[in-house]
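One-letter residues, chain by chain:
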Amino acid sequence: MSTALIILAAGKGTRMNSDLPKVLHPIAQAPMLAHAMRAGRALAPAKTVIVAGHEAEAVTAAVADIDEDAQVVLQTKQLGTAHAVDQARTALNGFEGDVVVLYGDTPFLQPETLERMVAARAHADLVILGFQAADPARYGRLVMDGDSLERIVEYKDASDAERTIKFCNSGLLACDAKLLFELIAKVGNKNASSEYYLTDVVELARAEGRSVTAVACDEAETLGVNSRADLARADAVFQSRARAELLESGVTLMAPETVYLSLDTVIGRDAVVEPNVVFGPGVTVESGALIRAFSHLEGCHVSRGAKVGPYARLRPGTELAENTHIGNFVEIKNAAIAEGAKINHLSYIGDALIGTKTNIGAGTVTCNYDGVMKHRTEIGANVFIGSNTLLVAPVKVGNEAMTATGAVITKDIEDGALAIARIPQVNKPGRAQKLMDLLRAKKARRDGGDV
Ligand code: UD1
Ligand code: MG
């Protein structure tokens, strides 16, 4: 049975107090919407339709980044959740199978929960996801009739007796596509909010003699994000879950609560991460790598046996091959560092290729930017770059070459050559003492006192 996802993301999110649409606010460096889409991916959806409204252009661009096969449809006026789902009607025209409706602002939904909803469709025409609320507040209430769901009543429309019900509507549902759109066509807006409620499909289905059931999940899964405080809490929840998963999978986190992870962070078994490390988006770390304290990584790949940090910064496009060593206060950007190469102290390597077993001395800088354009530096294998070398790109250094300490390299260096590019040293005998005397006398004249 194939499945289509409809993700509702047209709401404004007023309480975020932001120009950015709510569903694009990031949790673990990925838009909230990406979290919902990722949960949905567990169903291997044949189609994914996102209903956008507020800042639809920005939402469309973000969706294209997350899943290029997902389709965005517009809901120009937010007339209610049923009206929102109805906007996907054309996009799903001719689709045969189940539709699962989810919200773009509920990032904690577990894939297993969606699987349980789809499984429950085997014995019900319509499946609603509910949860026992500690504080039911303004959620819609699920009015049960034994094992079947009789109807959902919105808080505003509920009687006092109905408001005592703690089994609440998460907003998610699963239903045959054709049936869902037939039911939605019958939904009206005669209610306390004058909105087209998706929840009305329950009663409509029952009136046709259809079976409706509710599947329950943990309340924590359905928590929505409505404010910046919720967003911060959501990130914290994500972090503790992701850290626990890494520990479970065989990664050592020395101080787990100090390690910040992104939605797409991948770290292999037996890798070790010291305290206070930030993994920005797009990082993969292979088995057995060591990421030392206070390092910041984004958009990079760290291979087996590599050592990074402490205090290293790996920026997008950094590829560290096996057994490379990147030490303290080293920044690397858009550079491939070949097997066994070492950059241990205080260096900037950008737009570069560093060959196998090459050693980059302390204070080396690839001068990759001339103020207008970026240029590449290519360094061969088994090279020794002396401390404080400036490599003015574009420039190439051959295999087994060396640069003398303090060199400013502006020309290519052939294989095996030693490049010396600094002003030669001159020692003037006795001059230090004379100079010192001169300066002291000058100071005494100025101050009018003793030397
Ligand atoms: C909805 C449910 C309620 C449930 C609650 C769970 C209805 C009528 N009510 O109420 O039973 O307990 O969610 O959180 O469905 N949206 C659109 N277009 C619209 C309206 C909403 O895209 O026209 C999107 C919103 O961006 C949001 C989601 O649908 O992601 C839910 O909308 P919201 O206004 O938060 O619904 P609630 O009143 O909370
Ligand atoms: Mg809501």
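Attention here is on the structure that accompanies the text. (Residues numbered from 1 in each chain as written. Chains lettered and ligands numbered in written order. Predicted model: local features only at pLDDT ≥ 70, side-chain atom pairs only at ≥ 80, totals over all residues. Heavy atoms only, no water.)

Digging into the site of ligand 1
Next up, step 1: In the vicinity of ligand 1 there are 19 residues, among which Gln-75, Thr-81, Gly-140, Glu-154 and Asn-169 approach most closely.
Next up, step 2: Between ligand 1 and the protein, one listed contact pairs an oxygen atom with a backbone N or O atom of Gly-80 at 2.9 Å.
Next up, step 3: Here an oxygen atom of ligand 1 sits 2.6 Å away from a polar atom, N or O, in the main chain of Asn-169.
Next up, step 4: Within the complex, 78% of the 750 Å² of free accessible area of ligand 1 lies under protein.
Next up, step 5: Where the shell around ligand 1 is concerned, the elements lending two or more residues are β1 (3-9), α3 (81-86) and β10 (167-176). (Near = heavy atom within 4 Å. Polar contact = N/O pair within 3.5 Å; in protein donor to acceptor, adjacent residues only side chain to side chain. Areas by Shrake-Rupley, 256 points an atom, 1.4 Å probe, with all protein chains shown as cover. Helix = DSSP H or I, 4+ residues; strand = E, 2+ residues; numbered from the N terminus.)

Thoughts on the sheet that holds strand β17 (residues 290-291)
Next up, step 1: One open sheet accounts for ten strands, arranged β12-β14-β17-β20-β23-β25-β27-β30-β33-β35; its pairing is parallel. Strands at the two margins of the open sheet, each flanked by one partner only, are β12 (252-253) and β35 (418-419).
Next up, step 2: As judged from the two bridges shared by β17 and strand β20 (residues 307-308), these two strands associate in the parallel manner. Counterpart to Leu-290 in the pairing with β20 is Lys-307. (Pairing = 2+ DSSP bridges.)

Concerning the packing of helix α1 (residues 32-40) against helix α2 (residues 56-66)
Next up, step 1: Packing of α1 against α2 brings their axes to within 10 Å, and their N-to-C directions diverge by 45°. Between α1 and α2, the crossing angle belongs to the class labelled oblique. Of the two possible hands of crossing, α1 and α2 adopt the one that is right-handed. Counted together, Leu-33, Ala-34 and Met-37 of α1 and Val-59, Val-63 and Ile-66 of α2 form the full contact between these two elements.
Next up, step 2: Counted by class, the contact of α1 with α2 contains six nonpolar, no polar and no charged residues. (Axes fitted to C-alpha atoms, helices over the stretch in contact; angles between N-to-C directions. Parallel < 35°, antiparallel > 145°, perpendicular 65-115°, else oblique. Left-handed = near helix turned anticlockwise from the far one by under 90°. Contact = heavy atoms within 4.5 Å. Nonpolar A, V, L, I, M, F, W, Y, C, P; charged D, E, K, R; others polar.)

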